[in-house]
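Residue-level structure breakdown
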Amino acid sequence: MIEHTYMSQHPLIAAQLRQAMRGVASTVTLITSIAPDGNGHVMIASSFTSVSLEPPTVLVCIGQQTRIHGPLLAARRFCINVLRAEQEVLAVHCRSATGTDRFDHEAWRFDEVNGLPYLQGAQASLFCELIEHHAVGTHSVMLASVERVLTSAYADPLVYLDGRFRAIDPTR
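Residues numbered from 1 in each chain as written. Predicted model: local features only at pLDDT ≥ 70, side-chain atom pairs only at ≥ 80, totals over all residues. Heavy atoms only, no water.

**What to know about the sheet that holds strand β13 (residues 164–167)**
What the three strands build is an open sheet, ordered β2-β12-β13; its pairing is antiparallel. A single partner strand is all that each edge strand has here, and the edge strands are β2 (26–27) and β13. Both strand β12 (residues 158–161) and β13 contribute to a ladder of four bridges, which runs antiparallel. Paired with Val-159 across the strands is Arg-166, a residue of β13. Across the face of the sheet, helix α3 (residues 88–96) comes into contact with β12 and β13 while running at roughly 165° to β13. (Pairing = 2+ DSSP bridges. Helix = DSSP H or I, 4+ residues; strand = E, 2+ residues; numbered from the N terminus. Contact = heavy atoms within 4.5 Å. Axes fitted to C-alpha atoms, helices over the stretch in contact; angles between N-to-C directions.)

**Digging into the layout of surface pockets**
In this structure, the largest pocket encloses a volume near 1,100 Å³. Along the walls of the largest pocket sit 28 residues, with Arg-18, Met-21, Ser-46, Ser-47 and His-139 positioned nearest its centre. Of all the elements in the fold, those that place two or more residues in the lining of the largest pocket are α1 (11–22), β4 (40–45), β6 (56–63), β11 (139–151) and β12. Considering every element that reaches the lining of the largest pocket, the biggest residue donor is α1, with five residues. Taken together, the residues of the lining of the largest pocket break down into 15 nonpolar, nine polar and four charged. (1 Å grid on protein atoms, 1.4 Å probe; cavity = no way out; pocket = protein on both sides within 12 Å on 5 of 7 lines; lining within 4 Å. Points joined across faces, edges and corners; volume = space filled by probe spheres on them. Nonpolar A, V, L, I, M, F, W, Y, C, P; charged D, E, K, R; others polar.)

**Here's the deal with the pattern of salt bridges**
For the structure on display, the rule yields five salt bridges. With its nearest N and O atoms 2.5 Å apart, the salt bridge here joins Glu-147 to Arg-77. Of the two residues, Glu-147 sits in strand β11 while Arg-77 sits in strand β7 (residues 77–82), which places them 70 residues apart along the sequence. Of the residues examined, Glu-147 reaches a relative accessible area of 41% and is grouped as partly exposed. Residue classification places Arg-77 among the partly exposed residues on the basis of a relative accessible area of 30%. Its salt-bridge partner being Arg-84, residue Glu-86 comes within 2.2 Å of it at the nearest N-O pair. (Salt bridge = Lys/Arg side-chain N within 4 Å of Asp/Glu carboxyl O. Buried < 20%, exposed > 50% of the residue type's maximum accessible area, 1.4 Å probe, protein only.)

**Quick notes on the side chain of Thr-57**
Locating Thr-57 in the fold gives a position in strand β6. The buried category is assigned to Thr-57, whose relative accessible area is 10%. Filtering out sequence-adjacent residues up to four positions away, Thr-57 remains in contact with Ser-50, Val-51, Ser-52, Ile-131, Leu-143, Ala-144 and Val-146.

**Focus on unusual backbone geometry**
Keep in mind that most residues, glycine aside, have a negative phi and that most peptide bonds are trans. Geometrically, the link from Glu-54 to Pro-55 is a cis peptide bond, its omega value of -5° lying close to zero. Its location among the elements puts Pro-55 in the loop between β5 (48–53) and β6. Here the phi dihedral of Arg-76 falls at roughly 70°; this positive angle occurs in a residue that is not glycine. Along the chain, the position of Arg-76 falls in the loop between α2 (69–75) and β7.

**Considering the environment of Ile-80**
Positionally, Ile-80 belongs in strand β7. Note on Ile-80: relative accessible area 0%, which makes it buried. Separated by 70 residues in sequence, Ile-80 and Leu-150 have C-alpha atoms that sit 10 Å apart. The contact partners of Ile-80, leaving out residues within four places of it in the chain, are Thr-29, Leu-30, Ile-31, Phe-48, Val-58, Ala-124, Ser-125, Leu-126 and Cys-128.

See below:
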């Protein structure tokens, strides 16, 4: 792991960056993992992107103070569930529920290959293995190889924009 520590010389820049990022639409995902002790963890993440198709690699940023951070690093396997617009209720539930209550929804399934929780009917579920991570400020940038992908027949992502969940108008 490579650690980077930055101290802003201008607190105003952090506030300006936050405001600027509110205008950037991000796909909403639910990241899941099973800790070595068998407990499941899930969190909402909007900082996620594809890095490479050869080899299949993705990047996700996770706050170091989140409950999933330590267990995910220990397990090294996780699933990125890309939410469809109609799954906003799951995002709201995961944001407000705690612990294993976050898995109290009939859409959750457990993968037969690796035991990871995933959302049936998600736009996509990417089963990943952690390659490396880098601590940057308050977050860890995690690079992962994609081992398996489940996809739905159509794209209708839930996005996060200006502090709210939103759907994209498919007629535009």
